[in-house]
Amino acid sequence: MQFRAVKGMNDILPGEVERWQRFESVFRRTVELCGYSEIRTPLLEARDLFVRSTGETTEIVEKQMFELERSGERLALRPEGTPSSARAFINHSVHAREPVTRWYYLGPMFRAEQPQRGRYRQFHQAGCEVYGDAGPIADAEMIDMLYGMLAELGVHDAAVHVHSIGGPESRARYREALLAHLTPRQEQLSDHAKRRLLDNPLRILDSKDPRDKAALEGAPLVLDSLEPDDRAHFERLCAALTALGTPYVIDNKLVRGLDYYTRTLFEFMSSAGQLGAQNAILGGGRYDGMLKSLGGQDLPSIGFAMGVERVLLAMPEGLPPRPPRCFIAPIGARAAETALRLGRDLRGLGVHTDVDGRGGSLKSLLRRADALGAKVCLVLGDAELDKGVVQVKQLALHQTAEVSLSDVASHVQAALAQDEGPR
Ligand code: HAM
């Protein structure tokens with residue numbers, strides 16, 4: 001019997017992993033330049049952490065968590081990073097050390113969704129959370145940072161959707177207004193929306209079901225229910241984005257699928273063909289009540305998470321160029337040991353080096369060097385060792401030079417630097 005990876009969970013192999021690394025290095029550099037520091041939290045948390053923060057009536061908590069029980073403790077594989085990060089912030093009393101905290105994380109998340117392109121059961125998020133800044137300038141900076149990062153990754157078609165659902169008062173007011181509109185039309189609604197009408201009516205707004213869309217025609221807008229403070233926050237955010245030249249659209253239907261949001265919401269959509277229906281490449285927003293509700297300080301928070309697989313689908317095809325490498329082909333047992341030493345010296349100088357100690361003919365070794373894309377190949381056998389030299393072949397130039405063993409490392413370094421194209 002052959003084992004297979006678990007449904008909806010993928011291996012990422014060399015050849016593909018280079019694009020992941022490119023994403024990760026751009027992500028890390030961008031967020032670190034903006035003052036974020038990395039945190040790493042466990043993949044398993046108490047199940048109730050997500051029930052309390054992500055929300056009991058969210059799809060994620062209702063039916064998508066991978067759960068397990070151990071010694072009477074109910075645990076869940078994290079379906080998102082925000083609750084774990086908030087828990088860590090509270091547990092370590094980070095608020096006592098600094099007025100504003102900026103954290104980022106990268107890693108796998110788990111949701112038992114129906115897998116399809118761009119939707120997996122183990123997927124990866126790259127996210128940021130800011131604690132202690134009530135915005136809206138922080139909100140605008142985050143959205144602008146993301147827009148710039150995606151452009152650097154070659155994703156130029158991202159549409160930035162922004163919205164606000166206000167604080168608890170605005171939300172309660174809107175809930176009443178929406179119920180007043182939908183209750184007389186409830187027979188028109190899908191079964192799912194009928195249930196939502198009771199527990200979480202705002203989620204009906206982003207339903208894709210035509211029956212729900214029809215019932216929503218003429219429904220009041222969330223923005224019209226905002227309290228003056230919430231409205232001012234949203235207007236300031238929009239003004240800052242306009243001043244920065246970051247294009248955005250106000251999306252009256254954007255409510256996001258998690259319960260904790262307050263005020264600012266945003267989502268970036270890409271129209272890249274590869275993505276299909278799963279076109280939300282990142283989502284985020286403000287969640288000013290979470291820390292307090294988890295037993296921490298009453299501090300405002302905002303954050304986002306990018307779906308790494310989806311960003312990769314939206315990025316242009318092709319791999320970043322590999323760094324130039326050197327291949328060492330020893331012929332015979334004596335040469336193999338010298339080759340190992342040479343390889344160590346070259347790597348010490350930062351040169352990517354493969355040593356092929358399997359033996360074999362010069363022809364097959366050169367073929368292997370070519371397949372690996374090596375720019376320089378070092379050949380050494382007994383004759384070379386006796387003379388204290390190495391044959392240095394610059395493969396693309398079809399040139400061979402005999403170089404003394406003591407000079408070979410610097411010679412290779414110079415040859416690779418000379419040959420190095422744009423990265
Ligand atoms: P979310 O919208 O649930 O938000 O997920 C963020 C992003 O993760 C989505 O836009 C999507 O790109 C990606 N994603 C979600 N589910 C899957 C899946 N099954 N397969 C592949 N990609 C997926 C959050 O998780 C919040 N924690 C974001 C946040 C941070 N809000 C405040 N701080």
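Further up the page is the structure itself.
Residues numbered from 1 in each chain as written. Predicted model: local features only at pLDDT ≥ 70, side-chain atom pairs only at ≥ 80, totals over all residues. Heavy atoms only, no water.

## Details of the overall build of the protein
- Each helix and strand in the protein was counted, giving 15 helices and 16 strands.
- Against the compact-globule benchmark of 22 Å for 423 residues, the protein has a radius of gyration of 28 Å, which places it well outside the compact range.
- Of all 423 residues assigned to the protein, the portion counted as buried reaches 49%.
- Contacts in the protein between residues far apart in sequence, at least 24 positions, make up 71% of those at least 6 positions apart.
- Here the protein displays about 20700 Å² of accessible surface, and carbon together with sulfur accounts for 50% of that area.
- When the 53 basic and 57 acidic side-chain charges of the protein are each reduced to a single mean position, those positions are 4 Å apart. (Helix = DSSP H or I, 4+ residues; strand = E, 2+ residues; numbered from the N terminus. Rg over C-alpha atoms; globule rule 2.2 N^0.38 Å. Buried < 20%, exposed > 50% of the residue type's maximum accessible area, 1.4 Å probe, protein only. Contact = heavy atoms within 4.5 Å. Areas by Shrake-Rupley, 256 points an atom, 1.4 Å probe, with all protein chains shown as cover. Lys, Arg positive; Asp, Glu negative; His and termini not counted. Charge placed at Lys NZ, Arg CZ, Asp CG, Glu CD.)

## Topic: the nonpolar core
- Counting residues in each nonpolar core, the largest one holds 49 residues, and the members touching the most others are Phe 27, Phe 266, Phe 268 and Met 306.
- Here this core takes seven residues from helix H5 (residues 137-152), the largest share from any one element.
- Apart from the residues within four sequence positions on either side, Phe 27 is in contact with Tyr 104, Tyr 105, Leu 106, Ala 126, Gly 127, Cys 128, Met 149, Phe 304 and Met 306.
- The next biggest cluster of nonpolar side chains, apart from the first, holds 40 residues, and it includes Ile 39, Ile 90, Val 94 and Ala 215. (Core = buried A, V, L, I, M, F, W, Y, C linked by side-chain atoms within 4.5 Å.)

## Overview of the sheet that holds strand S12 (residues 325-330)
- Taken together, five strands build an open sheet; the order of strands is S13-S12-S14-S15-S16 and the sheet is mixed. What marks the edges here is a single partner per strand, and that holds for strand S13 (352-355) and strand S16 (399-404). The average angle at which neighbouring strand axes cross in this sheet is 25 degrees, direction not considered.
- Running at roughly 165 degrees to S12, helix H13 (residues 362-371) makes contact with S12, strand S14 (376-380) and strand S15 (389-394) of the sheet. (Pairing = 2+ DSSP bridges. Axes fitted to C-alpha atoms, helices over the stretch in contact; angles between N-to-C directions.)

## Remarks on the pairing of strand S11 (residues 301-307)
- A large share of S11 lies buried, amounting to seven of its seven residues.
- Here S11 shows a buried face lined by Ser 301, Gly 303, Ala 305 and Gly 307 and a second buried face lined by Ile 302, Phe 304 and Met 306.
- Note that strand S6 (residues 122-131) and S11 share seven bridges and pair antiparallel. Following the sheet pairing, Glu 129 is matched in S11 by Gly 303.
- In terms of strand pairing, strand S10 (residues 280-286) meets S11 through five bridges, oriented antiparallel. In the sheet register, Leu 282 faces S11, and the bridge partner there is Met 306.

## Points about the sheet that holds strand S2 (residues 44-46)
- Taken together, three strands build an open sheet; the order of strands is S2-S4-S3 and the sheet is antiparallel. At either margin of the open sheet sits one strand with a lone partner, and together these are S2 and strand S3 (67-70). Across the sheet, the axes of successive neighbouring strands diverge by a mean angle of 40 degrees, strand direction being ignored.
- Where S2 meets strand S4 (residues 73-77), three bridges bridge the pair, whose relative direction is antiparallel.

## Notes on the packing of H5 against helix H9 (residues 228-244)
- The N-to-C vectors of H5 and H9 enclose an angle of 40 degrees; their axes lie 8 Å apart at closest approach. Between H5 and H9, the angle is such that the two are oblique. Considering how the two elements wind past one another, H5 and H9 form a crossing that is right-handed. Contacts between H5 and H9 pair Ile 137, Asp 139, Ala 140, Ile 143 and Asp 144 from the former with His 233, Arg 236, Leu 237, Ala 240, Leu 241 and Leu 244 from the latter.
- A class-by-class count of the residues in the contact of H5 with H9 yields seven nonpolar, one polar and three charged. (Parallel < 35°, antiparallel > 145°, perpendicular 65-115°, else oblique. Left-handed = near helix turned anticlockwise from the far one by under 90°. Nonpolar A, V, L, I, M, F, W, Y, C, P; charged D, E, K, R; others polar.)

## Details of the state of the cysteines
- For the coordinates displayed, the defined rule picks out zero disulfides.
- Cysteine Cys 34 remains unbridged, with the sulfur of Cys 128 as its closest cysteine sulfur at 8.2 Å. (Disulfide = S-S within 2.5 Å.)

## What about the environment of Leu 365?
- You can see Leu 365 is positioned in helix H13.
- Classification of Leu 365 by relative accessible area gives buried; the value is 1%.
- Counting along the chain gives 56 residues from Leu 365 to Glu 309, while the straight-line C-alpha distance between them is 37 Å.

## Let's talk about the site of the ligand
- In the vicinity of the ligand lie 26 residues, with Glu 80, Thr 82, Glu 113, Arg 256 and Tyr 261 positioned nearest.
- Within the side chain of Gln 125, a nitrogen or oxygen atom sits 3.0 Å from an oxygen atom of the ligand.
- Interatomic distance of 2.6 Å between a side-chain N/O atom of Tyr 261 and a nitrogen atom of the ligand.
- Contributions of two or more residues to the shell around the ligand are made by S6, S10 and S11.
- Per-element tally for the shell around the ligand: the top contributor is S10, with six residues.
- Partitioned by chemical class, the residues of the shell around the ligand number 11 nonpolar, eight polar and seven charged. (Near = heavy atom within 4 Å. Polar contact = N/O pair within 3.5 Å; in protein donor to acceptor, adjacent residues only side chain to side chain.)

## A short note on the packing of helix H1 (residues 17-33) against H5
- As a packed pair, H1 and H5 sit with axes 10 Å apart at the nearest point and diverge in direction by 145 degrees. H1 and H5 meet at a crossing whose hand is right-handed. The residues of H5 that touch H1, namely those facing Arg 22, Val 26, Phe 27, Arg 29, Thr 30 and Val 31, are Met 145, Met 149 and Glu 152.
- In terms of residue class, the contact of H1 with H5 is built from five nonpolar, one polar and three charged.

## Some points on the pattern of salt bridges
- Overall, the coordinates contain 27 salt bridges when judged by the stated rule.
- For Arg 173, the salt bridge goes to Glu 227, with nearest N and O atoms at 3.1 Å. Residue Arg 173 is found in helix H6 (residues 168-182), and its partner Glu 227 is found in the loop between helix H8 (210-216) and H9; the two are separated by 54 residues along the sequence.
- Residue Glu 227 is classed as partly exposed on the basis of its relative accessible area of 25%.
- The salt bridge partner of Glu 402 is Lys 387, with a shortest N-O separation of 3.2 Å. Taken together, the residues span a long stretch of sequence, with Glu 402 in strand S16 and Lys 387 in helix H14 (residues 382-387) at a distance of 15 residues. (Salt bridge = Lys/Arg side-chain N within 4 Å of Asp/Glu carboxyl O.)

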